[in-house]
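Residue-level listing of the chains:
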Amino acid sequence: MHRIKQIAIVLTDTLRGIGLQSLLTDYFPPVEVSHFPTLEQLSMAGNELYDYYFTDPETFVMNPDFFLPRRNKTAILSESTLEPNGSVAVNRITTGAPQELILEQLQFLFAEEHASAYPAADNNKGLSGREIDVLRLIAKGVTNKEIADKLSISLNTVLTHRKNITAKLGIKTVSGLTFYAIMNGIVSGEEIGL
């Protein structure tokens, strides 16, 4: 007999929360799902009771002290697509995807080996040490020119590193790169002013 998974959904969007709750209860029983519009309401309910947390990128980024220690059991609902190689992205549920893909992403999240197979700091997708340095500075809001000055490299080299980072991660926006850097322990919330 399977243990009932305790799941917390932290979303201000009630409709998305109900939809996710429906998918979880219909396709992944036995589960007990609780929906909270804010993290404060989750905290009042006793936030350590849950096996998994689902939230949006904004809530995650605004509450790094809560979510970073729980990153292996936190899933982000995102408009983003698959990884560049077509594989399922760890800890990300693509909200605009077909139902079959969403179910595949949820299945991957709930796989028993998932918790031990996802050491966040080691999950750098083949980024070089210098690319990680550039990514760290991008996440901190440093401009390309300032990155070049800080790392003593040319502006063209910075642009090349950014292009390579984007290609390897499949993330094109600064906010997406910042989210990736936080989720993977490349930069902390304190370093970027959260």
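Computed from a predicted structure; not experimentally measured.

### Overview of helix H7 (residues 144-151)
When we look at burial in H7, the residues that qualify are Ile147, Ala148 and Leu151. Buried residues in H7, looked at end-on, bunch into an arc of 100°, giving them a common side. In H7, those exposed residues whose orientation departs by more than 90 degrees from the buried face are Lys145 and Lys150. Of the surrounding elements, those touching the buried residues of H7 are helix H6 (129-139) and helix H8 (155-169).

### Concerning the packing of aromatic side chains
With the rule as written, the count across this model stands at nine aromatic pairs. With a centroid separation of 6.0 Å and an interplanar angle of 75°, the aromatic rings of Phe36 and Tyr50 are classed as edge-to-face. Of the two residues, Phe36 sits in strand S2 (residues 31-36) while Tyr50 sits in the loop between helix H2 (39-45) and strand S3 (52-55), which places them 14 residues apart along the sequence. Judged by its relative accessible area of 7%, Tyr50 is buried. With a centroid separation of 5.2 Å and 75° between ring planes, the pair formed by Phe60 and Phe179 is classed as edge-to-face. Within this pair, whereas Phe60 is found in helix H3 (residues 57-62), its partner Phe179 is found in helix H9 (residues 174-183), the two being separated by 119 residues in sequence. Both residues of the pair, Phe60 and Phe179, count as buried.

### Remarks on the nonpolar core
One recurring pattern in soluble globular proteins is that nonpolar side chains are buried together. Leu42, Phe60, Leu135, Ile147 and Leu169 are the most contacted members of the largest nonpolar core, which has 36 residues in total. Residue assignment for this core shows that the elements contributing at least two residues are strand S1 (5-10), H2, helix H4 (64-67), H6, H7, H8 and H9. The next biggest cluster of nonpolar side chains, apart from the first, holds 21 residues, and it includes Ile9, Leu24, Tyr52 and Leu106.

Parameters and conventions
- Residues numbered from 1 in each chain as written.
- Predicted model: local features only at pLDDT ≥ 70, side-chain atom pairs only at ≥ 80, totals over all residues.
- Heavy atoms only, no water.
- Buried < 20%, exposed > 50% of the residue type's maximum accessible area, 1.4 Å probe, protein only.
- Helix = DSSP H or I, 4+ residues; strand = E, 2+ residues; numbered from the N terminus.
- Arc of directions from axis to C-beta.
- Contact = heavy atoms within 4.5 Å.
- Phe/Tyr/Trp six-rings, centres within 6.5 Å; stacked < 30°, edge-to-face > 60°.
- Core = buried A, V, L, I, M, F, W, Y, C linked by side-chain atoms within 4.5 Å.

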